[in-house]
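Spelled out, the chains give:
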Amino acid sequence: MPAMFLGPYELLFILFLGGGLGLPLGVPPGPEDPLLAKVAPETCLFYTSWAATVVPDPTGSNRTEQLLAEPEVQRTVSAVNQAIVQALDRMAERRRSEAALLRDGTFELAEKLLACPGAFFIPELVNQPGGPPIVRAAAVVRIGHEDGATLKAMLARQQAALLGDGVEQVEIDGETWCRMKLRAPLTTVTWGIRGSYLIVGVGSGMVEDVLQRARTAPPKWLADMRAALPVERPATCTYVNVQAVIREVGGADEAEVARVVEPLGLGNVQYAAAVTGLDGDGFLTRTLLAIDGEPEGLLALLTGEPLEAADFAPIPADATLAGVMRLDLRTAFDLLLAMAERGGDKHFVYGIERFERAADIDLRRDLLSPLGDRWRVYGSPSEVGVVPLGAVAVASVDDHATLAATHEKLLAFAKSHMPPQPESGRRPGPRIEQFEHAGRTICFFAPRTTEWPLAPAWCLTEEEVIVSLFPHGIKAYLSRPADTASLAQSPEIEAAMSSAAAPASLFYIDSKRVFEFIYPAVPMLAQTILCEVARLGIDLDVSIVPSAQAIGKHLRPSVTTFRRTPDGIEWASRKTLPGGSFAPAVPMAAFVALPAVASAARQSTREAQSMNHLKQIGLAMHIYHDAHRKFPPAYVADEDGKPLLSWRVLILPYIGQKGLYDQFKLDEPWDSEHNKKLIESMPQVYRSPASTAAPGMTNYLAVRGEKTVFPGERGVGFTEIPDGLSRTIMVVEADDARAVPWTKPDDFTHDEKQPRAGLGGLWPDRFLALFSDGAVRTIWNSIDGRTLNGLFTRAGGEAVDFSEL
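S.K.: Would you mind showing me how to read the overall build of the chain here?
M.R.: For the chain, the helix and strand inventory stands at 24 helices and 29 strands. A burial count over the chain gives 49% of its 805 residues as buried. Within the chain, counting contacts between residues at least 6 apart in sequence, those at least 24 apart form 68% of the total. If you sum the accessible surface of the chain, you get close to 37,000 Å²; carbon and sulfur atoms cover 55% of it.

Now the structure itself:
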């Protein structure tokens, strides 16, 4: 390589050293190209641009650039690049027709294009009846006059090898361009080199649109986004028009898509955008979710009151990892309940109600309301060590008296559910222990088993709740001297808190200390990885790993903040190692995920509805058991044992259908002159959303058999299911061919030789099953027949591997 650019393969090694994700292009970034902003369309679904990758300057003030300019890092880059090229050369010798194309085309082409400034965007998706939408997109890359001929020859060679005669020449704006026709959703691809730019258009008229826009000013949305997310030396810029994507891909099912995206808080998110690059000292990422109105759904949890310096008081100055946030648990709890009720998940709500009755508390009033909204978590080498297992969490308390009373109730409830201690001389069982330290009572759970290596501990004071995975973290916190310095005094925290708008959440990592902690394992891990890549012909040894000094001396703490702004919610991340943050991936993830959500909305919504139907049936089963001390029988029988009506009729009062239940004559068969008139009144909960069976037919069938939960005219209680409620299926969603009239005493009698017969036809490769504990699980058709038979029986004693489900 004539210049030591950090290309895609080389940067992977830096990514490996940093242990991060989302490594951007264009680092270090060259000057911005104004044309890449001009070609952005006025209305756009997706846009991303990247700067040219330039040679890092070792004399600059930016620590990220200094790190990338280190001779040892550059030698690593050179060694990795050379090894890959040599491996591809060897492949070319063995398989000339394929590997030569890879060596002479793909690698060099990708390396050149990714080192050049460029942009890619999708202005729209054109819907077509009965088929997938047609994608219209374009890419513009500035390649420079000196590389134009070489790059054009490389493109021509690769195109000819891959596409043969499928390319035609067309005239556009007085110049000759190449065009190839593809199948939908791409239809056509047109490309050519105009001056210093490679232009590729996907879809009709895209190249013409790019050439026209190159003569105009950048669109307003792009200018506004860049103004909202300023970065001194931008490397990448990514934008997704969230609402437009939802509209484009949602189509007529926009309401169903909204049912999926609104609980996530995306219902009023206008766009997602991210800009990455270098600032005065390191690598900076700014990400914005632009919101029309107040944040909703899960996003509402990120918009607490701004932090204050006093919020950092519990965190010592030498903390390696730390997080501080404002979070009202009542809001989170209310959101979960609202999402459950909106989704029809009565099982979750009923589970909360059962716990509250059993523990004699009101979760919102007695536990969540007394807690404050300040939450801190940290790991300090002087107190609990560097690793996360020693982390301590500290929450503020607003009402100590109420919380203390609730704590006593919960403590008594937990102790009452502990198994009795064994006789003397045997290994003691799990229990909750308490001890005094520094004038405080510390509680912890002692599992007394090697299968659970943790000992979660907690302590309630007048002002705080302190939680740790082990008691020693709380002991260290309570024993801390009063004059212990706070993390608030660190320059990075002071800088974050002194901004115009203080953040609502802040996360801190002492990158240098973490690096020093993990670096001893890096050569060993690198040795393992290099041995594996040697199988691909990439011959490298562990000597390419840079020394700790070459990297560590440049590292500074990483700080990520979340704040509410007039435009929405902004993430800002400052660090030395490029990448390593999920924030820049938010726009890309939104663009990739939203079409998938929309295209799968019908099926996912129907499947979620079906699961909720089964959960409601399971809930009714358990309420019936509470009232009768057993599950309902498979059917109502007459004096001679002849089946009359299904269990589905018996649980009607417990699914809110008492009026319908009272209309049945329980001493008559399901198809009697009176009862058969009620078939058309089947409750919606018995109708599978995926079924195409006739009205009045249900796919929710009990697993019938002497060894199952539904042996016949007698009900089965919990104690008769020794295999365990969570390991025994009671109801399945069968295929349409097995659907039965809902009142008919007919169910799923499985064939032990072919237990999957009649299942797995409503959903691709799977079926839904209601277990005896009320849980609904997806069972894949690939499940072993013996395992499925074991799940169908209630007392077979079979060992079930849940990884097979």
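S.K.: What exactly am I supposed to notice about the sheet that holds strand 24 (residues 700–704) here?
M.R.: The strands that make up a sheet pair up through hydrogen bonds in the backbone, lying either parallel or antiparallel. Overall, mixed pairing links the 5 strands, which are arranged 27-24-25-28-29 in an open sheet. Looking at the sheet topology across the chains shown, the edges are occupied by strand 27 (748–749) and strand 29 (776–780). Where strand 25 (residues 729–733) and strand 28 (residues 766–771) come together, 3 bridges link them in antiparallel fashion. Opposite Val731, over in strand 28, you have Leu770 as the bridge partner. Of the strands in this sheet, strand 24, strand 25, strand 27 and strand 28 touch helix 24 (residues 785–792), which is tilted by about 120 degrees from strand 25.

S.K.: Looking at this model, I keep getting lost on the environment of Arg714. Mind explaining?
M.R.: In this fold, Arg714 is placed in the loop between strand 24 and strand 25. Through-space distance from the C-alpha of Arg714 to that of Val636 is 8.9 Å; in sequence the pair is 78 residues apart. Those residues in contact with Arg714, other than ones at most four positions away along the chain, are Pro633, Glu720 and Arg794. Among the polar contacts listed, one links the side chain of Arg714 to the side chain of Glu720, at a separation of 3.0 Å.

S.K.: I tried to follow the pattern of salt bridges on my own but got confused; where do I start?
M.R.: Should the charged atoms of two oppositely charged side chains come close, the side chains can pair. Throughout the structure, instances matching the rule amount to 33 salt bridges. The residue Glu32 makes a salt bridge to Arg226 at a minimum N-O spacing of 2.9 Å. Placement of Glu32 in the loop between helix 1 (8–18) and helix 2 (34–38) and of Arg226 in helix 8 (residues 220–228) is noted, with a sequence separation of 194 residues between them. Given a relative accessible area of 24%, Arg226 falls into the partly exposed group. The salt bridge involving Arg648 is made with Asp747; its shortest N-O contact spans 3.1 Å. Placement of Arg648 in helix 22 (residues 647–650) and of Asp747 in the loop between strand 26 (740–741) and strand 27 is noted, with a sequence separation of 99 residues between them. Residue classification places Arg648 among the buried positions, given a relative accessible area of 0%. By relative accessible area, which is 8% here, Asp747 ends up buried. Overlapping salt bridges bring together Asp173, Glu175, Arg194 and Arg215 as one network.

S.K.: Teacher, can you tell me more about unusual backbone geometry here?
M.R.: Most peptide bonds adopt trans geometry, and most residues besides glycine take a negative phi value. Unlike most non-glycine residues, Asp360 shows phi in positive territory, near 60 degrees. You can see Asp360 is positioned in the loop between helix 12 (346–359) and helix 13 (363–368). Its relative accessible area of 52% is what places Asp360 among the exposed residues. Of note, the phi angle at Ala438 is positive, near 55 degrees, even though the residue is not glycine. Tracing the backbone through its elements, the reader meets Ala438 in the loop between strand 14 (431–437) and strand 15 (440–446). Classification of Ala438 by relative accessible area gives exposed; the value is 55%.

S.K.: Where do I start with the nonpolar core in this structure?
M.R.: In terms of nonpolar packing, the biggest core is built from 39 residues, with Ile617, Met621, Tyr686 and Trp742 touching the most fellow members. Residue assignment for this core shows that the elements contributing at least two residues are helix 21 (601–628), strand 21 (635–637), helix 22, strand 24, strand 25 and strand 28. The greatest single-element share of this core, amounting to 5 residues, is contributed by helix 21. Within the second largest apolar cluster, 32 residues are counted, among which are Leu36, Val170, Tyr239 and Val275.

S.K.: I'm lost on the pairing of strand 17 (residues 464–468) in this one. Help?
M.R.: Moving residue by residue along a regular strand, the side chains alternate between the two faces of the sheet. Summarising burial for strand 17: 4 of the 5 residues are buried, a large majority. When strand 13 (residues 392–397) meets strand 17, the two strands line up antiparallel, connected through 5 bridges. Pairing of Ala393 across the sheet is with Val467, part of strand 17. Where strand 16 (residues 457–460) lies against strand 17, 4 bridges are found, and the strand directions are antiparallel. Its bridge partner being in strand 17, Ala457 is matched across the sheet by Ser468. Adjacent in sequence and paired antiparallel, strand 16 and strand 17 are bridged by 3 residues.

S.K.: Please explain the environment of His472 as it appears in this structure.
M.R.: Tracing the sequence through the fold places His472 in helix 15 (residues 471–478). For His472, a relative accessible area of 38% corresponds to the partly exposed category. As for His472 and Val384, which are separated by 88 residues in sequence, their C-alpha atoms are 7.4 Å apart.

S.K.: Can you help me understand the confidence of the model for the chain in this one?
M.R.: In low-pLDDT segments, the atomic positions of the prediction should not be examined closely. Residues with a pLDDT of 70 or more make up 82% of the chain, whose mean pLDDT is 83. Contacts from residues 1–23, a stretch scored under 50 in pLDDT, to residues over four places away or in other chains number 54 contacts.

S.K.: Help me understand the packing of aromatic side chains, please; the structure alone is not making it clear to me.
M.R.: The geometry of two aromatic rings is summed up by the distance between their centres and the angle between their planes. A complete count under the given rule lists 16 aromatic pairs for this structure. Aromatic pair Tyr239 and Tyr271: ring centres 5.3 Å apart, planes at 40 degrees, arrangement tilted. Here Tyr271 lies in strand 9 (residues 269–278) and Tyr239 lies in strand 8 (residues 233–240), a separation of 32 residues in the sequence. Across the pair, exposure class does not vary: Tyr239 and Tyr271 are buried alike. Pairwise contacts between aromatic rings join Tyr47, Phe121, Trp221, Tyr239 and Tyr271 into one cluster. For the cation-ring pair, Arg777 lies above Phe771, with the distance from its terminal atom to the ring centre recorded as 4.6 Å.

Definitions and limits used
Residues numbered from 1 in each chain as written. Predicted model: local features only at pLDDT ≥ 70, side-chain atom pairs only at ≥ 80, totals over all residues. Heavy atoms only, no water. Helix = DSSP H or I, 4+ residues; strand = E, 2+ residues; numbered from the N terminus. Buried < 20%, exposed > 50% of the residue type's maximum accessible area, 1.4 Å probe, protein only. Contact = heavy atoms within 4.5 Å. Areas by Shrake-Rupley, 256 points an atom, 1.4 Å probe, with all protein chains shown as cover. Pairing = 2+ DSSP bridges. Axes fitted to C-alpha atoms, helices over the stretch in contact; angles between N-to-C directions. Polar contact = N/O pair within 3.5 Å; in protein donor to acceptor, adjacent residues only side chain to side chain. Salt bridge = Lys/Arg side-chain N within 4 Å of Asp/Glu carboxyl O. Core = buried A, V, L, I, M, F, W, Y, C linked by side-chain atoms within 4.5 Å. pLDDT = per-residue confidence, 0-100. Phe/Tyr/Trp six-rings, centres within 6.5 Å; stacked < 30°, edge-to-face > 60°. Lys NZ or Arg CZ within 6 Å of the ring centre and 35° of its normal.

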